[in-house]
Amino acid sequence: MIERIEQIRADGQAAIESAGSADALEALRVELLGRSSELTAILRGIGELPGEQRGAVGGAANRAQKQLEQALTERREELVGDELDRRLAGEQVDVTLPGSPLPAPGSLHLVNQTRREIEDVFCGLGYRVAEGPEIEHDYYNFTALNHPPGHPARMVQDTFYVDPASVDSARWDPDRHPASRPSARLGQERSEARPNLPPGPRDVLLHTHTSPMQVRSMELAPPPLRIIVPGSVYRRDNDATHTPMFSQVEGLAVDEGISLADLQGTLLELARAIFGPDREVRLRPHYFPFTEPSVEVDVSCFACGGTGSVGGRRDPLCKGAGWIEILGAGMIDPNVFGFVREFGYDPETVQGFAFGMGIERIAMLKHAVPDLRLFFEGDLRFARQFR
Ligand SMILES: [Zn+2]
């Protein structure tokens, strides 16, 4: 009996090892270990054997059963592996397998990195980011910012004017701003001062600064207001330090009891966040139409530490001055509040400050970029230096 069991095991194992498919293996399992298999019959009949044989036969049969089960499992795994190998050989792309690593992802352009850096600083100070339309009314870009028609400051910003009839109304709807009624107001302005302007369609333009959002934001919400407005702006300029398009961040804070000291403290926070914790700022008197007083803001030079010299030679970055101009700012002219008085901005009770900076200028200073045009040429060798 024990010899027969050994025979079943040996034949079974040989058959299992040569089985060529999962189906064949399953048939073998039924044949060798199933309910009507010879081995099962032997195991069932052990109780009827003479007592002295039971232990030996039972042990042999149990061992044979285990060995066959083991052989079946091993062969099944081999067959699955073979099956995968065959599929891999047959299919050039197996989308179920993990892919090779993606190429290195792209990165933000230096201008956008710098814009986000500035936004982060002001969001930390409780400001909200607002964005305005690039195609803008003369009213918001100039008139309501205290550049009345005919004002010489309009000529400083060489403006691209737009024929309103040529603009896709999906991109520019003159009446989409619910609180604005520029056409009505422009009618008034026009009859008074318009004759000073050259003839032509001059009520619609590409915004020359992001400042139009000052008045738009005040029309939408009463004070207190703290916003920054990043955006691309357009002027008819083109040389090493001017391009027809550049990026700007405008900032605006309006509340009761705001003073020039608040402006200075806010800009000090910005200067230290961008250019280093040891920076100082200074304000110099200047002129802008929509702020009074107006200032230009300098940051202490981060190349020479404000001394004006590096290694005994004049610092080329600050030209020996120890200070670098970074932006223009000022207290909002009460005349500007006059345009939004009906929206809760009484020039007698609210004050505010505004500032505006060129994002490329900040990036050029911080990263020693020598020419503004490098930002817009699309040369990857430039862009990759700032990943
Ligand atoms: Zn310096």
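Description of the structure in this document. (Residues numbered from 1 in each chain as written. Predicted model: local features only at pLDDT ≥ 70, side-chain atom pairs only at ≥ 80, totals over all residues.)

Things to note about the packing of helix 5 (residues 110-124) against helix 12 (residues 359-367)
For step 1, the next point in the chain: Closest axis-to-axis distance for the helix 5/helix 12 pair is 9 Å, and the angle between their directions is 100°. In terms of orientation, helix 5 lies roughly perpendicular with respect to helix 12. Listed contacts from helix 12 to L110, V111, T114, R115 and I118 of helix 5 are I359, E360, I362, A363 and H367.
For step 2, the next point in the chain: In terms of residue class, the contact of helix 5 with helix 12 is made up of six nonpolar, two polar and two charged. (Axes fitted to C-alpha atoms, helices over the stretch in contact; angles between N-to-C directions. Helix = DSSP H or I, 4+ residues; strand = E, 2+ residues; numbered from the N terminus. Parallel < 35°, antiparallel > 145°, perpendicular 65-115°, else oblique. Contact = placed C-beta atoms within 7 Å. Nonpolar A, V, L, I, M, F, W, Y, C, P; charged D, E, K, R; others polar.)

Observations regarding the nonpolar core
For step 1, the next point in the chain: Counting residues in hydrophobic clusters, the biggest one holds 53 residues, and the most contacted among them are V254, L267, I326 and A329.
For step 2, the next point in the chain: If sequence neighbours within four positions are ignored, A329 has contacts with L263, L267, T291, V295, V297, F353, A354 and F355.
For step 3, the next point in the chain: Membership of the second largest hydrophobic core comes to twelve residues, among which are I16, A61, L68 and A71. (Core = buried A, V, L, I, M, F, W, Y, C linked by C-beta atoms within 7 Å. Buried ≥ 20, exposed ≤ 12 C-beta atoms within 10 Å, placed from the backbone.)

Focus: the sheet that holds strand 7 (residues 291-300)
For step 1, the next point in the chain: One open sheet accounts for seven strands, arranged 1-4-5-11-10-7-6; its pairing is mixed. Only two strands of the sheet have a single neighbouring strand rather than two, namely strand 1 (128-129) and strand 6 (281-288).
For step 2, the next point in the chain: In this sheet, strand 11 (residues 351-358) lies alongside strand 5 (residues 245-255) in antiparallel orientation, the contact comprising eight bridges. Residue pairing in the sheet places V249 in a bridge with M357 of strand 11.
For step 3, the next point in the chain: Across the sheet, helix 10 (residues 260-275) is in contact with strand 6, strand 7, strand 10 (323-332) and strand 11; its angle to strand 6 comes to roughly 120°. (Pairing = 2+ DSSP bridges.)

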